[in-house]
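Below are the chains, spelled out letter by letter.
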Protein chains: 2
Amino acid sequence: MRVILLGTSSGKPTLKRNVSALAMTRDDEWLLFDCGEATQHQIMRTPLRTSRLSAVFITHLHGDHFNGLPGLISTMGLDGRERALVIVGPPGIREYVDTLSRLKTAYVNYPLEIREIEPKRFREDGEEESGGWKARSVKPRRPLPVYETEKYAVSAAPLDHRIYDLGYRVDERPRPGEFNVERALALGVERGPMFGRLQSGKRVHLPNGKIVEPRDVLGPERAGKSIAYCTDTRPCAESVALSDNVDLLIHEATYTSELAEEAVRYGHSTALQAASVAKQAGARRLVITHFSSRYMTAEPLLREARSVFENTEAGEDLLEIEP
Amino acid sequence: MRVILLGTSSGKPTLKRNVSALAMTRDDEWLLFDCGEATQHQIMRTPLRTSRLSAVFITHLHGDHFNGLPGLISTMGLDGRERALVIVGPPGIREYVDTLSRLKTAYVNYPLEIREIEPKRFREDGEEESGGWKARSVKPRRPLPVYETEKYAVSAAPLDHRIYDLGYRVDERPRPGEFNVERALALGVERGPMFGRLQSGKRVHLPNGKIVEPRDVLGPERAGKSIAYCTDTRPCAESVALSDNVDLLIHEATYTSELAEEAVRYGHSTALQAASVAKQAGARRLVITHFSSRYMTAEPLLREARSVFENTEAGEDLLEIEP
């Protein structure tokens, strides 16, 4: 599994950093998290192919995380997409897409499967009914599964921003063990389709009548990797719970601590707070992103985060990360 | 008056051409025509400042002419814009902006003055009532004034696309005559604010009691330039009428003539047709734009247009043109 950062600026683009988006990719399938304006332009600068995109996950409806969606949807339509696209995110997406379709602003000629994750789904037993989403709770709200494929399980939890906002966690399913080519050849398996069958966990019948089982040629199953994506948010118990023991945490760090008051006011984190979430969650690695455009370089943010959590990197547009 | 092309690709962006947008600028004020996705990114690559933007004109609501609007509006809000922005275009813009504001996707904290140009406003006396916009009429529909400032008068006419679509024409007001510096100095005017007063047509009182009139130091008034912008459209009588005698016509040329059937079907023009509109209108110069992404270079389109109208150039992103 690889992550490709597609935008690392908060609020508005700069000449070096686009607004929020990131791709997670494994083999020939990929997932998109957030879709700020010009995400389709960034995708063209990577090896990613939109025909291989399976699902889009939106954290919240602020434009810098979202305005690229109609263009991306329409371009895939022009390119002849036929298979469905799953869109996961906060309520409002359906109305948005419907309005744009009706006004002819978006061109949708393949199925969109929109999954709006209602705030009330995170309400726990005994918790009082409240109109909308109440920021923060004493006990962190439990993440909910929102998307599953053979390769990934994605869950979401509500974070603490100015508006309802979802953090996401991707757990890669366990990967098959390493394929022992020499052993397979020694057992009489020929290079070709039979290799593929064995690698995908299926037995093969050899021309000589013998049967080779996957366990004969595969090493022990390898654990899947896990990645959490937390933006935009103040530091909160939900981020920590969602990021529990992840291999890689991608967390927003809009400001340095000097601007801690702005961070509270606008619902963001400082680099120090991002690092502290990583530490509390027991994450193995932290990438900070979503930098205010006032910072000409990410150096001060990186320095601050590393003072609390050493294994931190600063996001850059088009940076690829293998967790 | 200068034109800066901000996007010259039709439908979807390529690595070299962004989707539709262009700026017309004079002195410290500018107007934006169309606002495809990532127009704000393109603006950052020019000397244009969004604080100097007075009005946006949208041709039609297809996303490749429109999806950059919420991001641009929001970025100007983040940058502290206070003065109103005029938005001129087809009906639907108000509903779009309202929906995005309500969903928090666009951040609008300064006045937007939205002017929706209803199709029925182009109906002529005796013409029958019809539900919506009927493409093409025998007699071209007359352009209507839609925006006026001290420097420009902008008019619009409905063109012939798959959906209701407006062409625009900008007539620069006559410019004051050339300022004769030597003559001003000889008359005793000192360099500084008095020069500015005279240039803007106001008389000045010299310290010695003498009065200098603008006509004493200014040459004859110079005619303003005119520019027409016709996209997306099939060739039509309205484009010809709107572009009557313009100094510069910017006309779409999505295809070469080989794809003339596609052009009809999708409501576009071939390069040959664009050139023919320029010729019929008596335009002095033609810039073709809005090229299908199938063309790796604009050469074949340019060759075709020049066979009919010699003074043609092919648009390129960030190209500046002085008509």
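Counting of residues starts from 1 at the beginning of each chain's written sequence and follows it residue by residue. All chains are assigned letters beginning with A, and all ligands numbers beginning with 1, in the order in which they are written. Residue-level local features of this predicted model are given only where pLDDT is at least 70; pairs of side-chain atoms are given and counted only at 80 or more, and the full residue set underlies all totals for whole chains, interfaces and linings. The side-chain numbers reported here are obtained from all heavy atoms of the structure, hydrogens and water having been left aside.

**Thoughts on the overall build of chain A**
Logical step 1: In this text, helices come from DSSP runs of H or I with a minimum length of four residues, and strands from runs of E with a minimum of two, each type numbered from the N-terminal end. Tallying secondary structure elements over chain A gives 10 helices and 16 strands in all.
Logical step 2: Its C-alpha atoms give chain A principal-axis dimensions of about 75 × 50 × 50 Å.
Logical step 3: Considering chain A as a whole, with its 323 residues, one finds that 57% of them fall into the buried category.
Logical step 4: A separation threshold of at least 6 residues defines the contact pool for chain A, and within that pool the share at least 24 residues apart is 64%.
Logical step 5: To measure how exposed things are, a 1.4 Å probe is used in the Shrake-Rupley method; for residues, cover is taken only from the protein chains shown. Only carbon and sulfur atoms are counted for the fraction: they give 48% of the accessible area of chain A, which is about 14,100 Å².
Logical step 6: Mean positive and mean negative side-chain charge positions of chain A (44 and 46 charges, respectively) differ by 3 Å. A simple rule labels every residue: compare its accessible area, found with a 1.4 Å probe on the protein chains alone, to the largest value its type can have, and call it buried under 20%, exposed over 50%, or partly exposed in between. Only heavy atoms matter for contacts: two residues are in contact if any of them lie within 4.5 Å across the pair. The charged-residue count follows a simple rule in which Lys and Arg add positive charge and Asp and Glu add negative charge, with His and chain termini not counted at all. By convention, the point assigned to a charge is CZ for Arg, NZ for Lys, CD for Glu and CG for Asp.

**Side note on the relation of the copies chain A and chain B**
Logical step 1: A least-squares superposition brings the copies together, and it is based on the C-alpha atoms of residues with pLDDT no lower than 70 in both. Superposing chain A onto chain B requires a rotation of 180° together with a translation of 0.0 Å along the rotation axis, leaving an RMSD of 0.1 Å. Accordingly, the operation relating the two chain copies is best matched by a two-fold axis. The C-alpha atom lying nearest the rotation axis in chain A is that of Ala38(A); the distance is 2.6 Å.
Logical step 2: Of the residues that chain A buries at the interface, 100% are likewise interface residues in chain B, meaning the two copies contact each other through the same surface.

**Some remarks on the nonpolar core**
Logical step 1: To qualify as a nonpolar core, a set must consist of buried Ala, Val, Leu, Ile, Met, Phe, Trp, Tyr and Cys residues joined through side-chain atoms within 4.5 Å. Judged by nonpolar contacts, the single largest core of 56 residues is most densely connected at Leu32(A), Leu53(A), Ile93(A), Leu32(B), Leu53(B) and Ile93(B).
Logical step 2: When residues no more than four places from it in sequence are discounted, the contact partners of Ile93(B) are Ile58(B), Leu61(B), Phe66(B), Ile87(B), Val88(B), Ile114(B) and Glu116(B).

**Some details on the sheet that holds strand E2 (residues 21-26) of chain A**
Within a sheet, neighbouring strands are paired by backbone hydrogen bonds and run either parallel or antiparallel to one another.
Residue and element names in this part refer to chain A.
Logical step 1: Two strands pair under a simple rule: DSSP has to find at least two bridges between them. Pairing within the open sheet is mixed, and its seven strands lie in the order E6-E5-E4-E3-E2-E1-E16. Looking at the sheet topology across the chains shown, the edges are occupied by strand E6 (112-116) and strand E16 (320-321).
Logical step 2: Note that strand E4 (residues 53-57) and strand E5 (residues 85-89) share three bridges and pair parallel. Each residue of the ladder has a partner; that of phenylalanine 57, found in E5, is valine 88.

**Here we look at the pattern of salt bridges**
Residue and element names in this part refer to chain A.
Logical step 1: Salt bridges are identified by distance alone: a Lys or Arg side-chain nitrogen within 4 Å of an Asp or Glu carboxyl oxygen. In this structure the tally under the stated criterion is 32 salt bridges over all chains.
Logical step 2: Between glutamate 313 and arginine 285 there is a salt bridge, with its nearest N and O atoms 2.9 Å apart. Highlighted residues: glutamate 313 in strand E15 (residues 312-314) and arginine 285 in the loop between helix H9 (271-281) and strand E14 (286-289), separated in sequence by 28 residues.
Logical step 3: A relative accessible area of 24% places glutamate 313 in the partly exposed class.
Logical step 4: Several salt bridges share partner residues, and in doing so they unite Arg26, Asp27, Asp28, Arg52, Lys151 and Glu172 into one network.

**A word on the packing of helix H3 (residues 93-102) of chain A against helix H3 (residues 93-102) of chain B**
Logical step 1: Between the N-to-C directions of two axes lies an angle of 0 to 180 degrees, each axis being a line fitted to C-alpha atoms and, for a helix, fitted only over the stretch in contact. Remark: H3(A) packs on H3(B), axes separated minimally by 11 Å, with the N-to-C direction vectors making an angle of 170°. As the angle between them shows, H3(A) and H3(B) are arranged roughly antiparallel. Contacts between H3(A) and H3(B) involve Glu95(A), Tyr96(A), Thr99(A), Leu100(A) and Arg102(A) from the former and Glu95(B), Tyr96(B), Thr99(B), Leu100(B) and Arg102(B) from the latter.
Logical step 2: Each residue gets one label: Ala, Val, Leu, Ile, Met, Phe, Trp, Tyr, Cys and Pro are nonpolar, Asp, Glu, Lys and Arg are charged, and the others, such as Gly, are polar. Split by residue class, the contact of H3(A) with H3(B) holds four nonpolar, two polar and four charged. Here the angle decides the label: under 35 degrees means roughly parallel, over 145 means roughly antiparallel, 65 to 115 means roughly perpendicular, and every other value means oblique.

**Looking at the side chain of His251(B)**
Residues and elements named next belong to chain B.
Logical step 1: Looking at where histidine 251 falls in the secondary structure, it is placed in strand E13 (residues 248-252).
Logical step 2: Here histidine 251 falls in the buried class, since its relative accessible area comes to 0%.
Logical step 3: Contact partners of histidine 251, with chain neighbours within four places excluded, come to Cys230, Thr233, Ser239, Ser269, Ala274, Val277, Leu286, Val287, Ile288 and Thr289.

**Brief notes about the packing of helix H9 (residues 271-281) of chain B against helix H10 (residues 299-306) of chain B**
Residues and elements named next belong to chain B.
Logical step 1: With their axes 8 Å apart at the nearest point, H9 and H10 run at an angle of 40° to one another. Judged on the interaxial angle alone, H10 and H9 are oblique. Of the two elements, H9 crosses H10, and the hand of that crossing is right-handed. Seen from H9, the contacting residues are Ala271, Leu272 and Ala275; seen from H10, they are Leu301, Glu304 and Ala305. Crossings are sorted by hand: turned counterclockwise from the far helix by less than a right angle, the near helix makes the crossing left-handed, and turned clockwise it makes it right-handed.

**Re the domain arrangement of chain A**
Logical step 1: As used throughout, domain bounds are those supplied by an automatic or database domain assignment. When the domains of chain A are assigned, the result is domain 1 (2-120 + 142-175 + 223-321) and domain 2 (181-217).
Logical step 2: Centre-to-centre, using C-alpha coordinates, domain 1 of chain A lies 40 Å away from domain 2 of chain A.

**Section: the pairing of strand E14 (residues 286-289) of chain B**
Residue and element names in this part refer to chain B.
Logical step 1: Covered by surrounding structure in E14 are Leu286 and Ile288 together with Val287 and Thr289, the residues of both alternating faces.
Logical step 2: The sheet contact formed by E13 and E14 spans four bridges and is parallel. Bridge assignment links isoleucine 250 to a residue of E14, and that residue is valine 287.
Logical step 3: As paired elements, E14 and strand E15 (residues 312-314) share three bridges and run parallel to each other. In the sheet register, leucine 286 faces E15, and the bridge partner there is threonine 312.
Logical step 4: Handedness of a crossover is defined as follows: orient the strands so they point away from the viewer, and if the path from the first strand over the helix to the second runs clockwise, the crossover is right-handed. Assessed by its sense of winding, the connection that carries the chain from E14 through H10 to E15 is right-handed.

**Let's talk about the interface of chain A and chain B**
Logical step 1: Taken together, the contacts link 34 residues of chain A with 34 residues of chain B.
Logical step 2: Once two parts are joined, some of their accessible surface, as seen by a 1.4 Å probe, is lost; buried area is that loss totalled over both. Together, Glu37(A), Leu103(A) and Thr105(A) form the three largest contributors to the area buried by chain A at its contact with chain B, with a combined 20%.
Logical step 3: Counting the contacts that link chain A with chain B gives four salt bridges.
Logical step 4: The closest approach of N and O atoms between Glu95(B) and Arg102(A), which form a salt bridge, is 2.7 Å.
Logical step 5: Every element with two or more residues in the side of chain A that touches chain B is listed here: helix H1 (39-44), helix H2 (69-78) and H3 of chain A.
Logical step 6: No other element matches the five residues that H3(A) contributes to the side of chain A that touches chain B.

**A few points about the packing of aromatic side chains**
Residue and element names in this part refer to chain A.
Logical step 1: Aromatic rings from Phe, Tyr and Trp, taking only the six-membered ring of Trp, are treated as a pair when their centres fall within 6.5 Å; an angle between ring planes under 30 degrees marks them as stacked, one over 60 as edge-to-face, and anything in between as tilted. Under the definition given, this model contains 14 aromatic pairs over all chains.
Logical step 2: When the ring of phenylalanine 33 is compared with that of tyrosine 229, the centres are 6.1 Å apart and the planes differ by 75°; the resulting orientation is edge-to-face. Taken as a pair, phenylalanine 33 in strand E3 (residues 29-33) and tyrosine 229 in strand E12 (residues 226-230) lie far apart in primary sequence, 196 residues in all.
Logical step 3: Phenylalanine 33 gets classed as buried once you look at its relative accessible area, which sits at 0%.
Logical step 4: Joined through ring pairs, the aromatic side chains of Phe33, Phe57, Tyr147, Tyr168 and Tyr229 make up one cluster.

**Remarks on unusual backbone geometry**
Logical step 1: Cis geometry marks the peptide bond from Thr231(A) to Asp232(A); its omega dihedral reads -20°.
Logical step 2: Within the fold, Asp232(A) resides in the loop between E12 and helix H7 (237-242).
Logical step 3: Phi is positive for Leu318(A), which is not a glycine, with a value near 75°.
Logical step 4: Note that Leu318(A) resides in the loop between E15 and E16.
Logical step 5: The backbone phi angle of Asp34(B) is positive, close to 65°, even though this residue is not glycine.
Logical step 6: According to the relative accessible area criterion, Asp34(B) is buried, its value standing at 0%.

**A look at H3(A)**
Every α-helix winds through 3.6 residues per turn, so residues three or four apart in the chain are directed the same way.
Logical step 1: When H3(A) is considered as a whole, its buried residues turn out to be Ile93(A), Tyr96(A), Val97(A), Thr99(A) and Leu100(A). Buried residues of H3(A), viewed axially, fall in a sector of 160°; they line one side.
Logical step 2: The inward-facing, buried residues of H3(A) contact H2, E5 and E6 of chain A together with H3 of chain B.
Logical step 3: One or two residues past the end of H3(A) sits Lys104(A), with phi positive at roughly 70°. This arc corresponds to the set of directions leading from the helix axis out to the C-beta atoms.

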